[in-house]
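Close look at the chain arrangement
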Amino acid sequence: MDPSLIFGALLGAGMIGFLLFIRFKDLPKPAPVSPFLHLEERKASIYENLRDLQFEYRLDKLSDRDYQASKLQLQKELAHVMAEIDRVKAELGQPLKVAPPPAPKKKNVCGSCGAEFEKALKFCGECGKPMGQTS
Ligand SMILES: [Zn+2]
């Protein structure tokens, strides 16, 4: 086989791989799934149940007592779900608030004479005394 053909094929494959790599890298990150998505879904379904309940009540399919009992049950569930959503939201907000400030650049300062050095040194370049690892 002609070596230039092999070289050409390899080059072509490399180019395609490179292009695919670039494309893959440039793909936008998938939207993060809300951690309380399932709670929002539950909330929506409870609202739906409440609507159905009212609908059936208006059609006289339910007795007053059954209607009130079911409504109370659904409202209790709803309150629970709302509280859970608040809790998750508060939990998510917490780490953002306590994000540490960017660490200041550590300097190597001689404890004896106060001279500053970019690199950590075993001995001070100014006074020659041993330097600790403290900033
Ligand atoms: Zn020194």
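Higher on the page you've got the structure.
First things first, this report covers the structure right here in the doc. (Residues numbered from 1 in each chain as written. Predicted model: local features only at pLDDT ≥ 70, side-chain atom pairs only at ≥ 80, totals over all residues. Heavy atoms only, no water.)

Regarding the nonpolar core
With 11 residues, the main nonpolar core is built from F36, L39, I46, L50, L53, Y67, L74, L78, V81, I85 and V88. Of all elements in the fold, only helix 2 (37–58) and helix 3 (64–97) reach the threshold of two or more residues within this core. With five residues, the next largest nonpolar core counts C110, A115, F117 and C124 among its residues. (Core = buried A, V, L, I, M, F, W, Y, C linked by side-chain atoms within 4.5 Å. Buried < 20%, exposed > 50% of the residue type's maximum accessible area, 1.4 Å probe, protein only. Helix = DSSP H or I, 4+ residues; strand = E, 2+ residues; numbered from the N terminus.)

Side note on the environment of V88
Residue position: V88 is located in helix 3. Taking the C-alpha atoms as reference points, V88 and L39, 49 residues apart in sequence, are found 9.7 Å from one another. Aside from chain neighbours lying at most four places away, what touches V88 is P35, F36 and L39. (Contact = heavy atoms within 4.5 Å.)

Scope: geometric values only; no functional claims are made or implied.
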